[in-house]
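# A closer look at the structure
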Amino acid sequence: QVQLVESGGGWVQPGGSLRLSCTASGRTSSINAMGWFRQAPGKERQYVAALNRDGRFTYYTDSVRGRFTISRDNTNNTLDLQMNSLKPEDTAVYYCASSSKLRASTLVEDYPSWGQGTQVTVSS
C-alpha cells in the first residue's frame, strides 16, 4: 500500500508560478512510474505529466509543455511539479499518482495509488 500527499496548491494570478509537491509513504519500494493529473469542476480527471522511476523519461500533455516541469527525488520519496506561466484554464484540483509499472502512463486507470488532491486556482 502506498500513501501519497500533495501540497503547494493555492491561488495565483495569470502568468504566475506555483510548485506542487507530493510525498509518498508506505510501500515506496514498489513505486516506479509517477504522474500528475488534474480535474476541473464538471470535467474528467486528465493527464498532465508523468515520468519513469529514474526521471530520465518525462512526458507532458500538449497544453502544459514548456510551462510545467515534472521531477522526482527517490531518496526522499517526493514528486514535484513546477508550474510557470499559469493560465486560468490550469485551474483544477491536482492529483499525484503512482504505479508499480516501469513505463510511465498517461491513463488514469494505470495508476492504482492517488493522493487527496490540492487546489490550484488561477484568476485575476
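The structure we're discussing is the one just above.
Here the structure is a predicted model, which means the values were calculated and not measured. (Residues numbered from 1 in each chain as written. Predicted model: local features only at pLDDT ≥ 70, side-chain atom pairs only at ≥ 80, totals over all residues. Heavy atoms only, no water.)

In this section: the pairing of strand β7 (residues 68–73). In summary, the side chains of a regular strand alternate between the two faces of the sheet. Burial along β7 is one-sided: Phe-68, Ile-70 and Arg-72 are buried, and none of Thr-69, Ser-71 and Asp-73, which face the opposite way, are. For β7 and strand β8 (residues 78–83), the ladder comprises six bridges, and the chain directions are antiparallel. Following the sheet pairing, Arg-72 is matched in β8 by Leu-79. (Buried < 20%, exposed > 50% of the residue type's maximum accessible area, 1.4 Å probe, protein only. Helix = DSSP H or I, 4+ residues; strand = E, 2+ residues; numbered from the N terminus. Pairing = 2+ DSSP bridges.)

What follows concerns the nonpolar core. Residues Trp-36, Leu-81, Met-83 and Tyr-94 are the most contacted members of the largest nonpolar core, which totals 26 residues. Elements that contribute at least two residues to this core include exactly β1 (2–7), β3 (18–26), β4 (34–39), β5 (46–51), β7, β8, β9 (92–98) and β11 (118–122). Element by element, the count of residues in this core is highest for β3, at four residues. When residues no more than four places from it in sequence are discounted, the contact partners of Tyr-94 are Glu-6, Leu-20, Trp-36, Phe-37, Arg-38, Val-48, Phe-68, Leu-81, Met-83, Gly-117, Thr-118 and Val-120. With six residues, the next largest nonpolar core counts Phe-37, Tyr-47, Ala-50 and Tyr-111 among its residues. (Core = buried A, V, L, I, M, F, W, Y, C linked by side-chain atoms within 4.5 Å. Contact = heavy atoms within 4.5 Å.)

The next thing to look at is unusual backbone geometry. Phi at Asn-77 is positive, roughly 55°, even though this residue is not glycine. The residue Asn-77 is located in the loop between β7 and β8 in this model. The backbone of Ser-85 shows a phi angle near 50°, a positive value even though the residue is not glycine. By the secondary structure assignment, Ser-85 is in the loop between β8 and β9. Since its relative accessible area comes to 41%, Ser-85 is described here as partly exposed.

Overall, antiparallel pairing links the four strands, which are arranged β1-β3-β8-β7 in an open sheet. The sheet terminates laterally at β1 and β7, the two strands that pair on one side only. Each strand axis lies, on average, 15° off the axis of its neighbour in the sheet, ignoring direction. (Axes fitted to C-alpha atoms, helices over the stretch in contact; angles between N-to-C directions.)

Applying the stated criterion across every chain yields a total of one disulfide. The disulfide partner of Cys-22 is Cys-96, and the gap between their sulfur atoms is 2.1 Å. Between Cys-22 and Cys-96, the S-S dihedral sits near -70°, and the bridge is therefore left-handed. Placement of the pair is Cys-22 in strand β3 and Cys-96 in strand β9, with a sequence separation of 74 residues. Overall, the relative accessible area of 0% leaves Cys-22 in the buried class. (Disulfide = S-S within 2.5 Å.)

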